[in-house]
Each structure stands twice: as structure tokens, then as C-alpha cells.
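A structural walkthrough
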Amino acid sequence: MSVRTIGVVMNGVTGRMGYRQHLVRSVLAINEQGGVALSDGSRVTLKPVLVGRNADKLADIAKKHEISAFTTDLDAALSDDANLIYFDAQVTSARVKAVLKAIEAGKHIYAEKPTAESTQEAIALAEAAAAKGVKNGVVQDKLFLPGLLKLKRLIDGGFFGRILSVRGEFGYWVFEGDWQEAQRPSWNYRAEDGGGIVLDMFPHWHYVMENLFGRVQSVYAKAVTHIPSRVDEQGNTYQATADDAAYGIFELEGGIIAQINSSWAVRVNRDELVEFQVDGTHGSAVAGLRKCRVQHRSVTPKPVWNPDLPATARFRDDWQEVPDNAEFDNGFKVQWENFIRHVLEDAPFPNDFASGARGVQLAELGLRSNAEGRRIEVPEL
Ligand SMILES: NC(=O)c1ccc[n+]([C@@H]2O[C@H](COP(=O)([O-])OP(=O)(O)OC[C@H]3O[C@@H](n4cnc5c(N)ncnc54)[C@H](O)[C@@H]3O)[C@@H](O)[C@H]2O)c1
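Report follows, based on the coordinates. Everything numeric in this text was worked out from a predicted model, so none of it was measured. (Residues numbered from 1 in each chain as written. Predicted model: local features only at pLDDT ≥ 70, side-chain atom pairs only at ≥ 80, totals over all residues. Heavy atoms only, no water.)

**Digging into the packing of aromatic side chains**
- Inspection of every chain in the model, using the stated rule, returns 13 aromatic pairs.
- Here F170 and Y172 contribute two aromatic rings whose centre-to-centre distance is 6.0 Å and whose plane-to-plane angle is 75°, an arrangement assigned as edge-to-face.
- Ring plane angle 80° and centroid distance 6.0 Å describe the contact between F175 and W179, whose orientation is recorded as edge-to-face.
- Taken together, the aromatic side chains of F87, Y110, W336, F339 and F349 make up a single cluster linked through ring pairs.
- Its end group placed over the ring of Y189, R230 keeps NZ or CZ at 4.1 Å from the ring centre. (Phe/Tyr/Trp six-rings, centres within 6.5 Å; stacked < 30°, edge-to-face > 60°. Lys NZ or Arg CZ within 6 Å of the ring centre and 35° of its normal.)

**Focus on the layout of surface pockets**
- Reported here for the second largest pocket is a volume of approximately 410 Å³.
- Around the second largest pocket sit 19 residues that line it, and R167, E169, E275, Q277 and V286 are the ones nearest its centre.
- For the lining of the second largest pocket, the per-class residue count stands at six nonpolar, six polar and seven charged. (1 Å grid on protein atoms, 1.4 Å probe; cavity = no way out; pocket = protein on both sides within 12 Å on 5 of 7 lines; lining within 4 Å. Points joined across faces, edges and corners; volume = space filled by probe spheres on them. Nonpolar A, V, L, I, M, F, W, Y, C, P; charged D, E, K, R; others polar.)

**Comments concerning unusual backbone geometry**
- Cis geometry is found at the peptide bond from K113 to P114, where omega equals -15°.
- On the secondary structure map, P114 appears in the loop between β6 (108–111) and α5 (119–132).
- In this structure, N325 is a non-glycine residue whose phi angle is positive, near 55°.
- Along the chain, the position of N325 falls in the loop between β17 (320–321) and α8 (331–345).
- Classification of N325 by relative accessible area gives exposed; the value is 64%.
- With a phi close to 60°, D346 is a non-glycine residue in the positive phi region.
- Assignment of secondary structure puts D346 in the loop between α8 and α9 (353–372).
- Classification of D346 as exposed rests on a relative accessible area of 55%. (Helix = DSSP H or I, 4+ residues; strand = E, 2+ residues; numbered from the N terminus. Buried < 20%, exposed > 50% of the residue type's maximum accessible area, 1.4 Å probe, protein only.)

**So, the pairing of strand β12 (residues 245–252)**
- Summarising the sheet, strand β9 (residues 216–224) and β12 pair through eight bridges and their orientation is antiparallel. When the bridges of β12 are listed, Y220 appears paired with I249.
- Sheet analysis places β12 next to strand β13 (residues 257–263), joined by seven bridges and oriented antiparallel. Across the sheet, I249 pairs through a bridge with Q259, a residue of β13.
- Taken together, β12 and the strand that follows it, β13, pair antiparallel across an intervening segment of four residues, in which G254 is found at a positive phi of about 85°. (Pairing = 2+ DSSP bridges.)

**Section: the environment of E327**
- Residue placement: E327 occurs in the loop between β17 and α8.
- Owing to a relative accessible area of 81%, E327 belongs among the exposed residues under this scheme.
- Sequence separation between E327 and P301 is 26 residues; the distance between their C-alpha atoms is 33 Å.

**Quick look at a nonpolar patch on the surface**
- On the surface, Y220, I249 and I257 cluster together into a nonpolar patch covering about 220 Å² of accessible area.
- When you line up the elements, Y220 lands in strand β9. (Patch = residues over 30% accessible without salt bridge, like charges linked within 9 Å, V, L, I, M, F, W, Y side chains within 5 Å. Areas by Shrake-Rupley, 256 points an atom, 1.4 Å probe, with all protein chains shown as cover. Salt bridge = Lys/Arg side-chain N within 4 Å of Asp/Glu carboxyl O.)

**Digging into the nonpolar core**
- With 52 residues, the main nonpolar core has L151, F202, F213 and F250 as its most contacted residues.
- Broken down by element, this core gets its largest block of residues, ten residues, from helix α7 (residues 197–212). (Core = buried A, V, L, I, M, F, W, Y, C linked by side-chain atoms within 4.5 Å.)

**Quick word on the pairing of strand β1 (residues 3–11)**
- As paired strands, β1 and strand β3 (residues 43–51) are joined by nine bridges and run parallel to one another. What sits directly across from G7, in β3, is K47.
- In the sheet, β1 pairs with strand β5 (residues 83–88) via five bridges, with the strands oriented parallel. Counted as the bridge partner of G7 is N83 from β5.

**Description of the packing of helix α4 (residues 95–104) against α5**
- Remark: α4 packs on α5, axes separated minimally by 9 Å, with the N-to-C direction vectors making an angle of 10°. Judged by the angle between their axes, α4 and α5 are roughly parallel. For the pair α4 and α5, the contacting residues are V96, V99, L100, I103 and E104 in the first and E121, L125, A128, A129 and K132 in the second.
- Of the residues contributing to the contact of α4 with α5, the split by class is seven nonpolar, no polar and three charged. (Axes fitted to C-alpha atoms, helices over the stretch in contact; angles between N-to-C directions. Parallel < 35°, antiparallel > 145°, perpendicular 65-115°, else oblique. Contact = heavy atoms within 4.5 Å.)

Worth remembering: the numbers are spatial, not functional.
Put into C-alpha cells, the structure is as follows:
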């Protein structure tokens, strides 16, 4: 069996996502399993070339994982023909410049979401990649979560009848940093640094809605900054200039109404950090990251509104667990494998820069809806 190795330039590996999900749990995990299997039976392993601003931090990671290549010189990494792919998990505000450079160098590009801070820039990236003829992909990890894969299976199997509505609840309490350390980086709370929950989460909600339910036709969003000041990684108090909660209503093709709350200032009283309830004429489902529960019309109870009597029914007991019926691998890794196959043997990869741009567009229009206090139509890109 033949095994070849390709170089992958990885920028932003000292960050939360770059290190854990992409380097350790995807690229290194792929090598540990013997590489990515191609359709001709051969395998491909990945040689990560770590790029970042701080040589010491890169050296630590390289040493810990026995990685031979790291540099603070992006140009040098891009000039090496052995490096076929450029991956970017930097802070969002640093993405466009580096990705354009990598496109110019003829690399295939895989990037975290959002691909850019504005629709115009996100479209420019998609156009630049197309003009140069390089493959391009954006991380759309939620599509590969077991809970959402089960939901997709239900949709494909016709479980819901006509889907009427979707209600998404996402969020958890992100500590302010004063008496307990914040569990997210401080740039997330500064608009000038590419922060904000709309820019962070609407791209996710966009590809979830588009892939599972249909095109997003309009958005109404109320974005707020509930916690006005926080304490950063150095212990300094700073003003939160970006939204930390967003309450959105989206109209989808087919008349489906989706309402999604996103908040870093909410305490969790749910089974999972994100849950979507989907109601259809024939059945309903509640899907989280891993689990999915359903209630079919045939077993739907008939509650009668009577506030004078205590509730005796245990409504959540009337739902049934959807079985796994499959093994679910880490979604980040699965998407990496798909992208490698896309680059090397032209396997389909729908999560491209064009779809990434539609996600950025929804975030931008969500912010405009908030600023103007009105519902905004989403033009087709
Ligand atoms: N797919 C997902 O579920 C998901 C989740 C969280 C974040 N993200 C995205 O991943 C990207 C990174 O987010 P993160 O949470 O890992 O952030 P992080 O702050 O932990 O890491 C940011 C990385 O960018 C680097 N960087 C480059 N230029 C920088 C600059 N000028 N200032 C600060 N850091 C700079 C840092 O060194 C670090 O390696 C963001 O674009 C974010 O939207 C995606």
C-alpha cells in the first residue's frame, strides 16, 4: 500500500481551535490512524508546518508533539512546494490578509469560520481562490455533530412531514474574568478585534439552516452587550464593545420559521450547550450536540391548559431517544479528511468559500437588522 505525505501550513495553532481541534484532534489524529484513505487504496499522511507569531510557543508545541517544522515566517512556509495546503485558525481579523497571500502562492486553502469580517471580503476570498484555481474550504463542524447527523437522518427519512419551525438555544455563562477566569479569549468581546457573538455564531447557524432546512431568506436580529466590561487574560479591565447575545428570527424557504438565541450570558438549563427543537406536522425532534429525541404525532399527548391545577404530566418522558445506528467520528477530523480528498482526488466538498461567504453575509445582515431595528431580506449570493 502506498503512503505519501503532503505538507500542511497551519497558522494559528497556538489558539484554542488551532491547537486542540485542528492540530491535535484532526491532523495528528489522522497521522496516528495511518493517514487519509484515498479511493485508489493509497493513503496520505500530513506534515504540519506550524506558523505563528511567537517562536517559543511554536517550539513548545512542536516539541510536545514531535513536529519538526515550525516558523514565524509565513512567506517562507508558503514558498515551499511540498506544502500543498494552507490552513488558517488565526483570530478572524488576521484571516483575510494571510489567506490572500496563500492563494497567491497557489496553495489550497482550508480556514476556520468566519472566513472574513465582511461579506465583501468573504466574496473577494472566494473569487480570488476561484481565479487562481485553488481548492477552498471552510470549517462547518456543527454539520458533523452526532446530534445534527441524527436530525438530518430524520429529515431525509421524512419523519417530520412538513417542517413548521426550528427553535435553537445556544449559550452558556462566560465568566467575566474578575473572580473566575473567562473561558473564552477577550478579543471575542471587542468589536474592533473581530469579536461579537453575531459574527461568531451566525455563520454556524447559516450553514446549519441551509444544509438541513433550506435557504435563509430573511433575518431579524436583536444583538446586545449584556456584560459591559470584562477582565482580560492579563487581568486588565476592558470595555466589551461587541455583542455577547443575539436573539434572531430567520425565515427560510418553504415557510419555515427559525428562531435562534445565542448568548454568552445565560446559565444552562438544558441537556446540551446547543439544542434545536424542530416541529413538523408529523413529528418533532430536539437535537443537541450528541443526542436527539423525538415525538411522533401518534404518541403526542393532548395537554389542556389549566393553570388552576398542578401539572401532573411529565412531558419530557413522552420523547424517545434516536439510536446512533452508526459510529460518529470527530467532526473536525472528518471534515479534514474530506478536504484532503477534495484536494487530491477532487471528491466533493460543498463547504467552500462561497458557502462561507453566505455565512458572513448572514452575520453582516444580522448586525444591520439590529442597527436598523428591522427585518432584512437576504439577497442570493
Ligand atoms: N468552528 C468552531 O466551532 C469555532 C469555535 C471557536 C472559534 N472559531 C474560530 O477560530 C478562530 C480562532 O479562534 P480561537 O477561539 O481559537 O482564538 P484564540 O484567541 O484562542 O487563538 C487565536 C490564534 O490567532 C493567533 N493570532 C494571529 N494574529 C493575532 C492577533 N493579531 N491577535 C491575537 N491573536 C492572533 C493567535 O496567536 C492564536 O494562535 C476564529 O476565527 C474563530 O471565529 C471557530
